[in-house]
Amino acid sequence: GEIYLNGAYLAPDQAMVSVLDRGFLFGDGVYEVIPAYGGRPLRAREHIERLANSLRGIGMQEPLSLAEWSAIFDRLLAPAPETDQALYLQVTRGVAPTRDHRYPAHATPTVMAMAKPMQPRDRGIAERGVSAVIRDDIRWHRCDIKTTALVAAVMLRQAAAEAGAEEAILVRDGLALEGSTSNLFVVSGGQLSTPAKGPLLLPGITRDLVLELAAQAGIPYREDAIPVETLQSADEVWITSSTREVMPVTRLDGEPVGSGRPGPVWQQIDAHYQRFKADARGA
Ligand code: PMP
């Protein structure tokens, strides 16, 4: 489909950015991924607010309003209104005449967005779950900023793939924080918990939605530190993200999690999540 770039809608092979773009030179930019069901972006306002926070974090202004973003999303989603799609949007600090780390005095941000089909969840995942590995969190200390500077996450996700796992769950100072591309939930001793928001993890939109659904379902939860030992002995482990929804982790470093099957609390939350999605789709 078309790609939105700086106000224009272009064929992918026409959508080009300068090699002097600071996104290319420094990873000096931020991004979002927004799921869209039946042509309707899910939680667009929350995603655009998080984008604004990321931009503020790197000293940039919002290039577009929510209404302007929404008009772009409508146009990008229009060619496949029945298909579930993921919107990708990226804002970099733009092109500067010389390679200098310091923010340029005058630069026009590079603003890009595109949509791609989102595969429906593999049936086996609800039945068998996925496997994850535990890794040291080698990322920086501002993981609340959704930056395009992703090489640490790239290395970690690759390490997981090479270990035959879906995700790497990241541990810093003995605490499990999130996955390389997802947030983390555990059920331990009958208690659902997820780490509290802070600079060391991304405030996931799916995470917040899952907590809302848990509250509505009367499932109590805690936003609290998860020691790695709690993770390793948990009855249930889930990872969440906009494209994965709520995914049960049933093997951790090769060992079964709890019963080794997706657990009862996951079943309950996933049912609520699927209903929420269907409502969002307008079914
Ligand atoms: N943490 C990290 C590091 C991520 O990359 C992602 C996915 N973008 C998430 C958490 C999940 O966030 P969301 O639910 O907003 O997709």
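Rules behind the numbers
Residues numbered from 1 in each chain as written. Predicted model: local features only at pLDDT ≥ 70, side-chain atom pairs only at ≥ 80, totals over all residues. Helix = DSSP H or I, 4+ residues; strand = E, 2+ residues; numbered from the N terminus. Expected span 1.5 Å × (residues − 1). Buried ≥ 20, exposed ≤ 12 C-beta atoms within 10 Å, placed from the backbone. Arc of directions from axis to C-beta. Contact = placed C-beta atoms within 7 Å. Domains from an automatic or database assignment. Nonpolar A, V, L, I, M, F, W, Y, C, P; charged D, E, K, R; others polar. Near = placed C-beta within 6 Å.

A word on helix H2 (residues 44-57). With 14 residues, H2 should cover 20 Å at 1.5 Å per step; its first-to-last C-alpha distance of 20 Å lies within 8% of that length. Those residues of H2 not exposed but buried are His-47, Ile-48, Arg-50, Leu-51, Ser-54 and Leu-55. Along H2, the residues classed as buried sweep out an arc of 155° about the axis, all on the same side. Residues of H2 that are buried make contact with strand E3 (29-37), helix H3 (66-77), strand E5 (85-92) and helix H6 (205-217). Once H2 finishes, Gly-59 follows within two positions and takes phi at roughly 75°, a positive value.

This brings us to the domain arrangement of the chain. Taken as a whole, the chain is organised into domain 1 (3-117) and domain 2 (123-281). One C-alpha centre belongs to domain 1, the other to domain 2; they are set 26 Å apart. Listed by partner, the interface residues are 23 residues for domain 1 and 14 residues for domain 2. If you list the elements that add at least two residues to the side of domain 1 that touches domain 2, you get E3, H2 and E5. Take the side of domain 1 that touches domain 2: its biggest share by element is 8 residues, from E3. Partitioned by chemical class, the residues of the side of domain 1 that touches domain 2 number 9 nonpolar, 9 polar and 5 charged.

Here the focus is the site of the ligand. In the vicinity of the ligand there are 13 residues, among which Leu-202, Gly-204, Ile-205, Thr-206 and Ser-242 approach most closely. Elements with a contribution of two residues or more to the shell around the ligand: H6 and strand E14 (236-241). It is H6 that provides the largest number of residues to the shell around the ligand, a total of 3 residues. Here the shell around the ligand is built from residues that sort into 3 nonpolar, 8 polar and 2 charged.

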